[in-house]
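Residue-level listing of the chains:
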Amino acid sequence: MSRAELKPPTAAGRMIGVLDLQGGVFEHLDHMERLGVAVRPVKKAEDFQGLAGLILPGGESTCLARLLQIFGIDKVIIRKFHEGMKLWGTCAGAILLAKFLAGEAPHLGLIDIEVERNGFGSQLDSFVSEASIPRLSPTPIPLTFIRAPKILSVGMGVDVLLRIGDFIAAAESSGVLVTIFHPELTPSLAFHRYFARKCGLRPGGEKTAIDPPWDKTSWMRFARITPLERRSAEPLAKGCPQAIDHENPEGI
Ligand code: GLN
């Protein structure tokens, strides 16, 4: 085998995509934009062009898996991954990427982990916490778990980034990052910065893990429910769909 064949594939892209079929898309767009990283929502095969990495957001994995299949996006993700595109799954996204699902058939199967869906119970058993992950941040990182899965075990080639009690909360292989919590719902940019670097990009922004101007509605400037005054104050990221004013959908 020649040297060139031994080299791991690298994606040529300079942009990060957020899978936009269902779930928490805007919050991820917002966090990447805060780091000055070019980001776009991804719905169709054409949207994958130029991507260094793709975020599979939290939401409902059964619904997401069905939509991935219906639109044939599952095959595109697998192909792009083998061409070097990095992947990050948050919560439902991590479920989609797992090679093994307790009691269920796996979906994309791109990282050697075993996951148990709804591992903490129902939506009412959602909780917040924080943890120190020195590899990512000198200060503790806030964690938000929403009807989260548990990562039960990891296989060869997968590093544990965060273990809490009897479960694993974050792990990574060379091409895939998984978190069972939602960094995009907190002011912390640490995981977004980490993933951007994993994709070979150079995220900017403050050096601190916490973004002081962030508030719980920051993501709304990407959303269709964006209030008018906010929309004019904060420009949309390149490639994002224009916001629609539901009270005046025709823009009259
Ligand atoms: N419980 C959801 C599922 O099984 C995941 C929840 C989430 O993404 N916050 O898909």
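These numbers were taken from a predicted model, which means no experiment stands behind them.

### Structural notes on the pairing of strand S1 (residues 15–19)
The side chains of a regular strand alternate, first on one face of the sheet and then on the other.
Point 1. With five of five residues buried, S1 is to be regarded as a mostly interior element.
Point 2. Of the two faces of S1, the one carrying Met15, Gly17 and Leu19 and the one carrying Ile16 and Val18 are both buried.
Point 3. Where S1 lies against strand S3 (residues 51–56), four bridges are found, and the strand directions are parallel. From the neighbouring strand, Ile16 faces S3, where its bridge partner is Gly53.
Point 4. Two strands pair when backbone bridges link them, and S1 and strand S2 (residues 39–42) are joined in this way by four bridges, in the parallel orientation.

### Details of unusual backbone geometry
Point 1. Within the chain, Cys91 stands out as a residue other than glycine whose phi angle is a positive 55 degrees.
Point 2. On the secondary structure map, Cys91 appears in the loop between strand S4 (86–90) and helix H5 (92–97).
Point 3. Exposure remark for Cys91: the 27 C-beta atoms within 10 Å place this residue in the buried category.
Point 4. We note that Arg147 has phi near 35 degrees; this positive angle belongs to a residue other than glycine.
Point 5. Tracing the sequence through the fold places Arg147 in the loop between strand S8 (141–145) and strand S9 (150–154).
Point 6. Owing to 18 C-beta atoms within 10 Å, Arg147 belongs among the partly exposed residues under this scheme.

### As for the site of the ligand
Point 1. The local shell around the ligand consists of Gly58, Gly59, Glu60, Ser61, Cys91, Ala92, Ile95, Arg117, Asn118, Ile146 and Arg147.
Point 2. Within the shell around the ligand, the residues separate by chemical class into four nonpolar, four polar and three charged.

### Topic: the nonpolar core
Point 1. Counting residues in each nonpolar core, the largest one holds 70 residues, and the members touching the most others are Ile16, Leu54, Leu87, Leu97, Ile113, Ile151 and Val178.
Point 2. Once you skip the residues sitting within four places of it in the chain, Val178 turns out to touch Gly89, Ala94, Leu97, Ile111, Ile113, Ile151, Ala170 and Ala171.

### With respect to helix H2 (residues 25–34)
Point 1. By the criterion of burial, H2 is predominantly enclosed, with ten of the ten residues buried.
Point 2. Within the span of H2, buried status applies to Val25, Phe26, Glu27, His28, Leu29, Asp30, His31, Met32, Glu33 and Arg34.
Point 3. The inward-facing, buried residues of H2 contact S1, S2, S3 and helix H6 (190–198).
Point 4. Once H2 ends, the next one or two residues include Gly36, with phi positive near 75 degrees.

### Some words on the environment of Leu97
Point 1. Mapped onto the elements, Leu97 comes out in helix H5.
Point 2. For Leu97 and Leu177, which are 80 residues apart along the polypeptide, the C-alpha to C-alpha distance reads 9.3 Å.
Point 3. If near-sequence neighbours (up to four positions away) are discounted, Leu97 is found in contact with Leu56, Leu87, Gly89, Leu108, Leu110, Ile111, Val176 and Val178.

### As for the pairing of strand S10 (residues 159–164)
Point 1. Where S10 lies against strand S11 (residues 167–172), five bridges are found, and the strand directions are antiparallel. Among the inter-strand pairings, Val160 is bridged to a residue of S11, identified as Ala171.
Point 2. Adjacent in sequence and paired antiparallel, S10 and S11 are bridged by two residues, among which Gly165 carries a positive phi angle near 55 degrees.

### Some points on the environment of Ala52
Point 1. Within the secondary structure, Ala52 sits in strand S3.
Point 2. Look at Ala52 and you get buried, because 23 C-beta atoms sit within 10 Å.
Point 3. Along the sequence, Ala52 and Met15 sit 37 residues apart, while their C-alpha atoms lie 5.5 Å from each other.

### Considerations on the confidence of the model for the protein
Point 1. Confidence in the prediction of the protein, expressed as mean pLDDT, is 87, and 82% of residues score 70 or more.
Point 2. Note that residues 240–246 has pLDDT below 50 and, in this model, 14 contacts with residues that lie over four places away or in other chains.

### A look at H6
Point 1. For H6, a buried count of seven out of nine residues is recorded, marking the element as mostly surrounded by other parts of the structure.
Point 2. For H6, the elements touching its buried residues are S1, H2, S3, S4, S8 and strand S12 (176–179).
Point 3. Just downstream of H6 lies Gly200, where phi reads positive at about 85 degrees.

The rules we used
Residues numbered from 1 in each chain as written. Predicted model: local features only at pLDDT ≥ 70, side-chain atom pairs only at ≥ 80, totals over all residues. Buried ≥ 20, exposed ≤ 12 C-beta atoms within 10 Å, placed from the backbone. Helix = DSSP H or I, 4+ residues; strand = E, 2+ residues; numbered from the N terminus. Pairing = 2+ DSSP bridges. Near = placed C-beta within 6 Å. Nonpolar A, V, L, I, M, F, W, Y, C, P; charged D, E, K, R; others polar. Core = buried A, V, L, I, M, F, W, Y, C linked by C-beta atoms within 7 Å. Contact = placed C-beta atoms within 7 Å. pLDDT = per-residue confidence, 0-100.

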